[in-house]
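# Observations on the model geometry
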Amino acid sequence: MLSGLDHLVITVTDISRAVDFYSRVLGLDVRYRDRERVDLMLGDMALRLHWTATDIEPRAATPTPGSLDLCLRSQLPLDEVHRHLEALSVDVELGPVKRQGATGELESLYLRDPDGNLLEISRPLR
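Remember, it's a predicted structure, so these values are computed and weren't measured experimentally.

### A few points about the overall build of the protein
Along the protein, the regular secondary structure elements total two helices and eight strands. Scanning the protein from its N terminus toward the C terminus, one meets helices and strands in the order β-α-β-β-β-β-α-β-β-β. Here the protein has a C-alpha radius of gyration of 15 Å; the compact-globule value for 126 residues is 14 Å, and the two agree. In terms of its C-alpha atoms, the protein occupies a principal-axis envelope of roughly 45 × 40 × 25 Å. In the protein, which comprises 126 residues, the proportion classed as buried is 37%. Per element, the accessible surface of the protein, about 8000 Å² overall, is 48% carbon and sulfur. Taken together, the 15 basic and 21 acidic charged side chains of the protein have centroids lying 3 Å from each other.

Pasting the structure below:
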């Protein structure tokens, strides 16, 4: 019945700050839908930003900035990702550590976006 994920909505307190972080720090391409909705392209899917004060409907019952826990896959070795984050003064909370992902064992780094969402950047261990 289902075949994949099209987009995931992230509720943020400041669209500009979130766009800067996800584009500059994580390298995602930005597509502006309108003033209050922005898509951050991740392969063939999007992380869609919604501003907390928006009245876009329908939406989650309790859209809350900082409530997301998201694992993103990296094409780069994690030591390169770690050096990139350090160069941008982005704190890594944990890692690299081994974790279990949807398709097997991962090596992961953990950090937070400007709203406090937990982001895991991982690479499969093979």
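### Observations regarding the pairing of strand β2 (residues 29–34)
The buried count for β2 comes to zero of six residues, which makes it a mostly uncovered element. Hairpin remark: β2 followed by strand β3 (residues 37–42), antiparallel, with two residues in the connecting loop.

### Quick look at the environment of Asp29
Looking at the element boundaries, Asp29 is found in strand β2. As a C-alpha pair, Asp29 and His84 span 55 residues in sequence and 17 Å in three-dimensional space. If we ignore the near neighbours within four places in the chain, the residues touching Asp29 are Asp39, Leu40 and Met41.

### Some thoughts on unusual backbone geometry
Each neighbour pair has its own omega, and for Glu57 with Pro58 the value is -10°, a cis peptide bond. In this fold, Pro58 is placed in the loop between β4 (45–51) and β5 (69–73). Following Gly95, the chain continues to Pro96 via a peptide bond in cis, the omega torsion being 5°. One non-glycine residue with positive phi stands out, namely Ser89, at about 60°. What makes Ser89 exposed here is its relative accessible area of 64%.

### A few points about the pattern of salt bridges
Overall, the coordinates contain six salt bridges when judged by the stated rule. Note that Asp79 is salt-bridged to Arg83, the shortest N-O span being 3.6 Å. Of this pair, Asp79 and Arg83 are both found in helix α2 (residues 78–87), four residues apart, which corresponds to roughly one turn of the helix. Taking relative accessible area as the criterion, Asp79 reaches 45% and is therefore assigned partly exposed. Residue class for Arg83 comes out partly exposed when judged on its relative accessible area of 48%. In this structure, Arg112 and Glu93 form a salt bridge, with 2.6 Å as the shortest nitrogen-oxygen distance. Pair noted here: Arg112 is in strand β7 (residues 105–112) and Glu93 is in the loop between α2 and β6 (94–100), with a separation of 19 residues, a long-range link.

Analysis parameters
Residues numbered from 1 in each chain as written. Predicted model: local features only at pLDDT ≥ 70, side-chain atom pairs only at ≥ 80, totals over all residues. Heavy atoms only, no water. Helix = DSSP H or I, 4+ residues; strand = E, 2+ residues; numbered from the N terminus. Rg over C-alpha atoms; globule rule 2.2 N^0.38 Å. Buried < 20%, exposed > 50% of the residue type's maximum accessible area, 1.4 Å probe, protein only. Areas by Shrake-Rupley, 256 points an atom, 1.4 Å probe, with all protein chains shown as cover. Lys, Arg positive; Asp, Glu negative; His and termini not counted. Charge placed at Lys NZ, Arg CZ, Asp CG, Glu CD. Pairing = 2+ DSSP bridges. Contact = heavy atoms within 4.5 Å. Salt bridge = Lys/Arg side-chain N within 4 Å of Asp/Glu carboxyl O.

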